[in-house]
Amino acid sequence: MERTAVQRLAAVLRTMVLVVFAVNLVCMLFVPGMAVVWLDRGTMADPEWRKALAWALRERGFLFVGTVCLGGFGSMFEYAPVGVLSLFFWVCGACTASMLWQAKRVLDTILEGNPFQTRNARALKRAAVACWIISGMAVLRLAWWLWFDRSAAPFFTYNTLFIAGFLMAGLLFQVMSALFRQAAELKEDQDLTI
């Protein structure tokens, strides 16, 4: 049976989702080390940090940089900001991995040619919960950061955008979940009447 254009697109998207899922899991290993580098040396936009990273890659290779990043695990327990930043990114990374896995499950049903199933509604609901967890973690991180810095500067960071962005994404996933559930029920009723 020949695939439709939507199924071909779903196949491409499924491959992309799986690649990003794998990269997401690998990147989670490097979180503590990058937290150490970020807190000790400044942000990635800092020219000195970029020069140091470029030198490490050129002179020592990726293995050295990976060892430094993985070495951040020890700093998590010695320095509270590294632990908090690592925990935030790990929870967000786990939620992102969950959302990607739910997207793969929805794309699998599209490839089967039967997307209006209750399992898609459940998958979208799980993605909504993951978005809300990320939003909640961003609120907690913002509160911790405000307490730690004792200034209004954290309000003007990407973290503040996470709160509203993932809250809205969760609401969108929840609406899509309800739509898929209703479509699945209508399809089931239609199948029973024929």
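That block above? That's the structure.
In this report, the structure presented in the accompanying data block is examined. Computed from a predicted model, the values in this text were never measured in an experiment.

1. Re the overall build of the chain
Right, on to step 1. If you tally the helices and strands in the chain, you get eight helices and zero strands.
Right, on to step 2. For the chain, the sequential pattern of α-helices and β-strands runs α-α-α-α-α-α-α-α.
Right, on to step 3. When each of the 194 residues of the chain is scored for burial, the buried share is 32%.
Right, on to step 4. At a minimum sequence separation of 6, the contacts of the chain that also span at least 24 residues come to 74%.
Right, on to step 5. Accessible surface for the chain amounts to roughly 12,000 Å². Of this, 71% is attributable to carbon and sulfur atoms.

2. Focus: the nonpolar core
Right, on to step 1. Core analysis: the largest hydrophobic core is formed by 12 residues, namely Phe88, Cys92, Cys95, Met99, Ala127, Ala130, Cys131, Ile134, Met137, Ala138, Leu142 and Ile163.
Right, on to step 2. Looking at this core element by element, the count peaks at seven residues for helix 7 (residues 118–149).
Right, on to step 3. The residues contacting Leu142, other than those within four sequence positions of it, are Pro154, Phe155, Asn159, Thr160 and Ile163.

3. Some points on the pattern of salt bridges
Right, on to step 1. As enumerated under the stated definition, the model contains three salt bridges in all.
Right, on to step 2. Asp108 serves as the salt-bridge partner of Lys104, at 2.6 Å between the closest nitrogen and oxygen. Taken together, the positions of Lys104 and Asp108, both in helix 6 (residues 80–112) and four residues apart, correspond to about one turn of that helix.
Right, on to step 3. Taking the relative accessible area as the measure of exposure, Lys104 reaches 10% and is therefore buried.
Right, on to step 4. One salt bridge in this structure joins Arg119 and Glu112, with 3.0 Å as the shortest N-O distance.

4. A word on the environment of Arg126
Right, on to step 1. Checked against the element boundaries, Arg126 lands in helix 7.
Right, on to step 2. Since its relative accessible area comes to 35%, Arg126 is described here as partly exposed.
Right, on to step 3. Linking Arg126 and Ser177, residues 51 residues apart in sequence, is a C-alpha distance of 9.2 Å.
Right, on to step 4. Not counting the four nearest positions on each side in its chain, Arg126 is found in contact with Gln102 and Arg105.
Right, on to step 5. Of the polar contacts made by the side chain of Arg126, one reaches the side chain of Gln102; its length is 3.4 Å.

5. Side note on a nonpolar patch on the surface
Right, on to step 1. The grouping of Val129, Trp132, Ile133, Leu167, Met168 and Leu171 at the surface amounts to a nonpolar patch, some 520 Å² of accessible area in total.
Right, on to step 2. Looking at the nonpolar patch, the elements with two or more residues in it are helix 7 and helix 8 (158–193).
Right, on to step 3. Structurally, the position occupied by Leu167 is in helix 8.

6. Description of helix 8
Right, on to step 1. Its 36 residues place the ends of helix 8 52 Å apart at the C-alpha level, agreeing with the 52 Å of an ideal helix rising 1.5 Å per residue.
Right, on to step 2. Where helix 8 is concerned, the buried positions are Asn159, Ile163, Gly170, Ser177, Phe180 and Ala184.

About the criteria used
Residues numbered from 1 in each chain as written. Predicted model: local features only at pLDDT ≥ 70, side-chain atom pairs only at ≥ 80, totals over all residues. Heavy atoms only, no water. Helix = DSSP H or I, 4+ residues; strand = E, 2+ residues; numbered from the N terminus. Buried < 20%, exposed > 50% of the residue type's maximum accessible area, 1.4 Å probe, protein only. Contact = heavy atoms within 4.5 Å. Areas by Shrake-Rupley, 256 points an atom, 1.4 Å probe, with all protein chains shown as cover. Core = buried A, V, L, I, M, F, W, Y, C linked by side-chain atoms within 4.5 Å. Salt bridge = Lys/Arg side-chain N within 4 Å of Asp/Glu carboxyl O. Polar contact = N/O pair within 3.5 Å; in protein donor to acceptor, adjacent residues only side chain to side chain. Patch = residues over 30% accessible without salt bridge, like charges linked within 9 Å, V, L, I, M, F, W, Y side chains within 5 Å. Expected span 1.5 Å × (residues − 1).

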